[in-house]
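Listed below, chain by chain, are the residues.
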2 protein chains.
Amino acid sequence: MVVKLWCRTSLISSTACIALSSHSNRSFFNLPTPQLRSRAQGLILVNHTCGFLGSGRLGQVRTECYLNRRRSSMMSSPPSAASSPDKQAEQVDRLLSGKNDDHGGVIVELTNEPVDPSLFATLLKASISQWRQQGKRGVWIKLPIELANLVEPAIKEGFYYHHAEPKYLMLVCWLPATTNTLPANATHRVGIGAFVMNAKNEVLVVQEKSGRFRGTGVWKFPTGVVDEGEDICDAAVREVKEETGIDATFVEILAFRQSHKSFFEKSDLFFVCMLQPSSFDIQIQEQEIEAAQWMPYEEYVSQPFIQQHEMLKQIAAVCSAKILGKYSGFSPVETVTGFSEKKSYLYLNKNANGDESS
Amino acid sequence: MVVKLWCRTSLISSTACIALSSHSNRSFFNLPTPQLRSRAQGLILVNHTCGFLGSGRLGQVRTECYLNRRRSSMMSSPPSAASSPDKQAEQVDRLLSGKNDDHGGVIVELTNEPVDPSLFATLLKASISQWRQQGKRGVWIKLPIELANLVEPAIKEGFYYHHAEPKYLMLVCWLPATTNTLPANATHRVGIGAFVMNAKNEVLVVQEKSGRFRGTGVWKFPTGVVDEGEDICDAAVREVKEETGIDATFVEILAFRQSHKSFFEKSDLFFVCMLQPSSFDIQIQEQEIEAAQWMPYEEYVSQPFIQQHEMLKQIAAVCSAKILGKYSGFSPVETVTGFSEKKSYLYLNKNANGDESS
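Basis of the calculations
- Residues numbered from 1 in each chain as written.
- Chains lettered and ligands numbered in written order.
- Predicted model: local features only at pLDDT ≥ 70, side-chain atom pairs only at ≥ 80, totals over all residues.
- Heavy atoms only, no water.
- Pairing = 2+ DSSP bridges.
- Helix = DSSP H or I, 4+ residues; strand = E, 2+ residues; numbered from the N terminus.
- UniProt positions renumbered as here; feature names shortened; annotations may be inferred.
- Contact = heavy atoms within 4.5 Å.
- Buried area = accessible area lost by both parts, 1.4 Å probe.
- Salt bridge = Lys/Arg side-chain N within 4 Å of Asp/Glu carboxyl O.
- Polar contact = N/O pair within 3.5 Å; in protein donor to acceptor, adjacent residues only side chain to side chain.
- Nonpolar A, V, L, I, M, F, W, Y, C, P; charged D, E, K, R; others polar.
- Least-squares fit on C-alpha atoms with pLDDT ≥ 70 in both.
- Disulfide = S-S within 2.5 Å.
- Buried < 20%, exposed > 50% of the residue type's maximum accessible area, 1.4 Å probe, protein only.

## With respect to the sheet that holds strand 8 (residues 168–174) of chain A
Residue and element names in this part refer to chain A.
Consideration 1: The five strands lie next to each other as 4-5-6-8-7, forming an open sheet whose pairing is mixed. Among the strands making up the open sheet, the edge pair consists of strand 4 (99–100) and strand 7 (160–165).
Consideration 2: Examined bridge by bridge, strand 5 (residues 106–109) and strand 6 (residues 138–144) share four bridges and lie parallel to one another. Residue pairing for strand 6: Glu109 is matched across the bridge by Lys142.

Encoded structure:
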């Protein structure tokens, strides 16, 4: 059994020293027993961040300790360092690593190194006690799927599910007695349909290999899902390129539909986008697309399925008005979002006088 | 120890009998040991649904078996029924309950009754084997937060996280060798800002008790988050009523902004909505709102914060154009969504000729 221990304390001010010294008051914490400590595997990063001057950047003190114990088949028998713990080793096992967020909370992000659930429970209990002392609000724990064994102990300490993605689960706990102001989870999936017309009034249409339209013979606009972090206008261009090989530039959003319970309790926003093609040779994506073609617009509209499907008929009416220069949708305008100076798009009717001029 | 056992088999056709009989071929399944079976607690619903004529409604056979064992402090010692199992009892414990979805998959929804993780793992293994035989595609498991102890065994059988809400976790597994076509998770949170103006060209503005604008002295439009399953137009009316007590009717969406990484990796869609007020006496929501008032529109626009904030300035320009009758946004039009005949809203520019007439 080899124990490697490395501690670094960066003190930013003398006040920080005082704040740090309060950490050694053992009565504040539910310390793990040597036996529990001995069951730690892999790498544990303990990062004390005390927001003793508020949640700003000034006045923070960070103590980072790395403990790397080689795995042993005798995990339940205490290693020598744990059976005669020194002060540093105690501090190492006492708290979970966390970093402050911008809302007075803490984010704990675990790597996928194995962690013993009992040890985790003990660390979490002690950490919650510490965070309460510090007046922390929301505590987030991001658990990689490899640590599914830590879900149960976190729930037992009062955490609940916030959101999940294929490779991780985000748990959260609201510490104050005040109203929970944590952000709501994502509620909508976003999709696009692309209206792409060439100079011969032919519209780009596809038949899909799977999905609801499979085998119906219906020719439809290329459609797709907007990826996480992707702009709607970029998604429309990407989907057209992927499904048909056609290069196109985004013109505007003609309309959108909001629907509910599209999968389980989640809602759906579907944006009908107009694109201007800049290439014309179709190369279909074999995996998803059965066939694609440039079809005379009137032929597309007159398909019985379009005429019988209320929403598709309404969308066709919008497209027809657009073709005649009698419709204005929303165009993307670059903007800066909120306080973060991040670039994003504001979609609005650029024809502010109400006339169609583009 | 009391064992209640009830079995019902509804046979729709003679073909169904043949399909059902194949279930009794034990070699297909990894049967649980009597000891594992004995650890079942609460109610287990086993629902065999064989899609042997495809995923349609015809030709299905359902076998539902309910097993209710009273809890015992001797859970690890086999109850009499399990120690001398008859064929029915074996069948009961063999598979998880599931119902078919519309896409060739199965949805398993567990109640919050405790289930032993080892038993669950065994049932899941056997069920997966069965679903593979049946050519099932996506298998969904909805685990209430009370059953966090079943997350790990599900992951070990190849499931991954799809989405989560405070009270449950949705796990999923794609069984075929073909490309995974399961729906993407929700990626966007949806919010609204409400532009509400009275006949005196005064705009309804608030100061919030929390959030980024807290203590800045900035007067802003009422804003809020669109709830799961809520229409954007309804959310705008609700938020205005909640925050200020003002009744209003929805007019149109003037613009919207898409931004990314608004919380963790999730994106945000923020819709600027115009509403027509029908009441004028303000009653603020004490919990969220510090103050609210009808403010002359020019005074709102001339606030330094609005003038310095690119997006707010752009939105103010849109509102100004709207006041002058020189702007068309998107109005909600009722439509029927997709194949399900559900009502939903299509938002489009109703002024199809490009002129502002509303």
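## Some points on the UniProt feature "domain: Nudix hydrolase" (unreviewed entry) in chain A
Consideration 1: When the UniProt feature table is mapped onto this chain, "domain: Nudix hydrolase" (unreviewed entry) is found at residues 187–319 of chain A.
Consideration 2: For residues 187–319 of chain A, the helix share is 25%, the strand share is 41%, and the end-to-end C-alpha distance is 29 Å.

## Details of the interface of chain A and chain B
Consideration 1: Opposite the 89 residues of chain A that make contact, chain B presents 88 residues.
Consideration 2: Summed over both sides, the interface of chain A with chain B buries roughly 7,800 Å², with 62% coming from carbon and sulfur.
Consideration 3: Connecting chain A to chain B are four salt bridges.
Consideration 4: Of the charged contacts, one joins Glu165 of chain B and Lys266 of chain A as a salt bridge, the two residues approaching to 2.3 Å between their closest N and O atoms.
Consideration 5: Linking chain A to chain B there are 35 residue pairs in polar contact (both at pLDDT 80 or more).
Consideration 6: With eleven residues, strand 12 (residues 248–263) of chain A is the single largest residue contributor to the side of chain A that touches chain B.
Consideration 7: Residues that form the side of chain A that touches chain B fall into these classes: 46 nonpolar, 26 polar and 17 charged.
Consideration 8: Bridging between strand 16 (residues 342–348) of chain A and strand 12 (residues 248–263) of chain B involves four bridges; their strand directions are antiparallel. Across the sheet, residue Tyr345 of chain A finds its bridge partner in strand 12 of chain B, namely Gln258 of chain B.

## Structural notes on unusual backbone geometry
Consideration 1: Phi is positive for Asn201 of chain A, which is not a glycine, with a value near 55 degrees.
Consideration 2: You can see Asn201 of chain A is positioned in the loop between strand 9 (188–196) and strand 10 (202–208).

## A look at the sheet that holds strand 5 (residues 106–109) of chain B
Residues and elements named next belong to chain B.
Consideration 1: A sheet is described by the order of its strands in space; here five strands give the open sequence 4-5-6-8-7, paired in mixed fashion. The sheet is open, and its two edges are formed by strand 4 (99–100) and strand 7 (160–165), each paired on a single side.
Consideration 2: Note: strand 4 against strand 5, two bridges, orientation antiparallel. The partner of Lys99 across the bridge, within strand 5, is Ile107.

## Section: the relation of the copies chain A and chain B
Consideration 1: Superposition record for chain A on chain B: RMSD 0.1 Å, screw rotation 180 degrees, translation along axis 0.1 Å. The superposition of one copy onto the other is thereby described by a two-fold rotation axis.
Consideration 2: Both copies present the same face, since 99% of the interface residues in chain A are matched by interface residues at the equivalent positions in chain B.

## Looking at the state of the cysteines
All names here are of chain A.
Consideration 1: By the definition in use, this model includes zero disulfides over all chains.
Consideration 2: In this model Cys273 remains outside any disulfide bridge; the closest cysteine sulfur is found in Cys233, 8.3 Å from its own.
Consideration 3: With a relative accessible area of 0%, Cys273 lands in the buried category.

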